[in-house]
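Reading the structure
So you can see what is in the structure, the chains are spelled out below.
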Amino acid sequence: MKKCLAALLLMSLCTLLLSGCGKEEARRDIRIGCFPNVTHVQALVARNMSRHGEGWFERYLPEGTPITWLTYNAGPTAMEALFGKTADLTYVGPSPAINAYAVSEGREVRLLAGAVNGGAALLVSPNAGISKASDCKGRCIATPQLGNTQDVSCRAWLRAHGLRTTIEGGGDCRVSPTPNAMQAQLMKQGSIDAAWTVEPWVSTLERSVGARVLAEEPQVVTTVLAARVGWLRLHPDTAAALLRAHRELTRWILDHPAEAQARVTEELSELTRTTVPPDTVAAAWKRLTLTDALDRPQLEQFVKDAQEAGLLDRVPPLKNLFYTPEEL
């Protein structure tokens, strides 16, 4: 089970290759994935603009080029979509992107830009009696999905504090893959003692359950923009246009926080089919650092953390992970 996540992604890749899908299908639309998390703020703002006929990314493309927005709940699922060619680009956490890069031996995935740092935390139930890392021994901690960025961060933090976890769920404490939207209810029920999650779920747990932040990494890379190599080879001009759009949207959001928050609130409510309180998004916003830069040292650290957690084996040189049109 040590490499179970890599095996699942490898199975997806093998299925793709054996099915004879090596040739790219000619498509007019551009398919971009994201998650219903505040940490995917650029995607949520752009998606909201598209839905209202005010498309941001569309402005940078030839007139009439459609963008199809796709929704995923965690990184490994988004990477499977890239492998299966059902998505062209996706906003995603760095750990699944690196894992997909490793599984495909550096052939299938490239990172185009950074998006958000911070916005993730370990929260403990008010009834769990956890005040320090050692109190997590024997407890159940939820993470969004096995091998996603918060899952790797959680395991690395526990290991740094002398607590052992295993992929099978054993060790000193149990790390349990749990969808973000289920964590509040499970914490209220006492089924989980803590959760390592991202915004808006961090603020949701604080406000609806009374959970308390035990650990936070405000500068950790949380979201990047990734794409599949086959699409990049066929569409270098489109990739350049979308990268420019992403960078300029990041600057627009920094200059227009109130409007951006309103669009994120509306889009999250639409995607989750619930009413997301504006003050929850406002609280989440304070934990985010928007950036279009890729932090290579931190990405190297993700590799080390995933390897030590047993989620990742060998990784090709990371210099090839970063997109340059000339390299393809």
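Before reading on, note that the structure itself is shown above.
All of the points below concern the structure found in this document. (Residues numbered from 1 in each chain as written. Predicted model: local features only at pLDDT ≥ 70, side-chain atom pairs only at ≥ 80, totals over all residues. Heavy atoms only, no water.)

Another point: the sheet that holds strand β8 (residues 194-198). Here we have five strands laid out as an open sheet, ordered β7-β6-β8-β5-β9, and mixed in their pairing. The sheet is open, and its two borders are formed by β7 (174-177) and β9 (212-216), each paired with just one other strand. Each adjacent strand pair in this sheet contributes to an overall mean axis angle of 30°, direction not counted. Relative to β8, strand β6 (residues 140-143) runs parallel, the two sharing two bridges. Of the residues in β8, the one forming a bridge with A142 is A195. Its contacts with the sheet place helix α5 (residues 149-160) against β5 (120-124), β6, β7, β8 and β9, and it is angled at close to 135° to β8. Set on the sheet, helix α6 (residues 180-189) makes contact with β5, β6 and β8; between it and β8 the angle comes to about 155°. (Pairing = 2+ DSSP bridges. Helix = DSSP H or I, 4+ residues; strand = E, 2+ residues; numbered from the N terminus. Axes fitted to C-alpha atoms, helices over the stretch in contact; angles between N-to-C directions. Contact = heavy atoms within 4.5 Å.)

Given a rise of 1.5 Å per residue, 16 residues ought to cover 22 Å, and the 22 Å separating the end C-alpha atoms of helix α10 (residues 257-272) matches this to within 8%. Every buried residue of α10 is accounted for by A260, Q261, R263, V264, T265, E267, L268 and S269. Lining the buried residues of α10 we find α2 (41-51), α9 (236-255) and α11 (278-285). R273 sits one or two positions beyond α10 and adopts a positive phi of about 55°. (Expected span 1.5 Å × (residues − 1). Buried < 20%, exposed > 50% of the residue type's maximum accessible area, 1.4 Å probe, protein only.)

Taken as a whole and judged by the stated rule, the model has four aromatic pairs. Summarising the aromatic geometry, the rings of W56 and W252 are spaced 6.0 Å apart at their centres and angled 50° between planes, so their arrangement reads as tilted. Here W252 lies in helix α9 and W56 lies in the loop between α2 and β2 (67-71), a separation of 196 residues in the sequence. The same class applies to W56 and to W252, which are both buried. With a centroid separation of 6.0 Å and an interplanar angle of 25°, the aromatic rings of F57 and W69 are classed as stacked. Of the two residues, F57 is situated in the loop between α2 and β2 and W69 in strand β2; the sequence distance between them amounts to 12 residues. Of the two residues, F57 and W69, neither departs from the other in class, the shared state being buried. (Phe/Tyr/Trp six-rings, centres within 6.5 Å; stacked < 30°, edge-to-face > 60°.)

Before going further, it helps to spend a moment on the pairing of β2. In this sheet, β2 lies alongside strand β1 (residues 30-34) in parallel orientation, the contact comprising five bridges. Each residue of the ladder has a partner; that of I30, found in β2, is I67. Taking the sense of rotation as the criterion, the β-α-β connection linking β1, α2 and β2 turns out right-handed. (Right-handed = clockwise from strand over helix to strand, strands pointing away.)

This paragraph deals with the pattern of salt bridges. According to the stated counting rule, one finds 19 salt bridges in the structure shown. The salt bridge partner of R107 is E105, with a shortest N-O separation of 3.1 Å. A residue is classified by how much of its surface remains accessible, and E105, at 56% relative accessible area, is exposed. A salt bridge links K132 to D135; the shortest N-O distance between them is 3.2 Å. In this structure D135 comes out as buried when scored by relative accessible area, which is 18%. Counted as one network, the salt bridges with shared partners bring together R47, R51, E266, E267 and E270. (Salt bridge = Lys/Arg side-chain N within 4 Å of Asp/Glu carboxyl O.)

Time to look at the packing of α9 against α10. When two helices pack together, their arrangement is given by the angle between their axes and by how far apart the axes lie. Two elements in contact, α9 and α10, have axes separated by 5 Å at closest approach and are oriented at 105°. With respect to α10, the axis of α9 lies roughly perpendicular. Contacts between α9 and α10 involve W252, I253, L254 and D255 on the former and, on the latter, P257, E259 and A260. Of the residues in the contact of α9 with α10, the class split is five nonpolar, no polar and two charged. (Parallel < 35°, antiparallel > 145°, perpendicular 65-115°, else oblique. Nonpolar A, V, L, I, M, F, W, Y, C, P; charged D, E, K, R; others polar.)

To continue, consider the nonpolar core. Soluble globular proteins tend to pack their nonpolar side chains together in the buried interior. Of all hydrophobic cores here, the largest spans 44 residues; its most connected members are V45, F57, L89, I253 and V264. Per-element accounting of this core gives the leading share, eight residues, to α9. Beyond its immediate chain neighbours, meaning those up to four positions away, I253 contacts V41, Q42, V45, A260, W285 and L290. If you look at the next biggest cluster of nonpolar residues, it comprises 34 residues, including A97, V109, L312 and L321. (Core = buried A, V, L, I, M, F, W, Y, C linked by side-chain atoms within 4.5 Å.)

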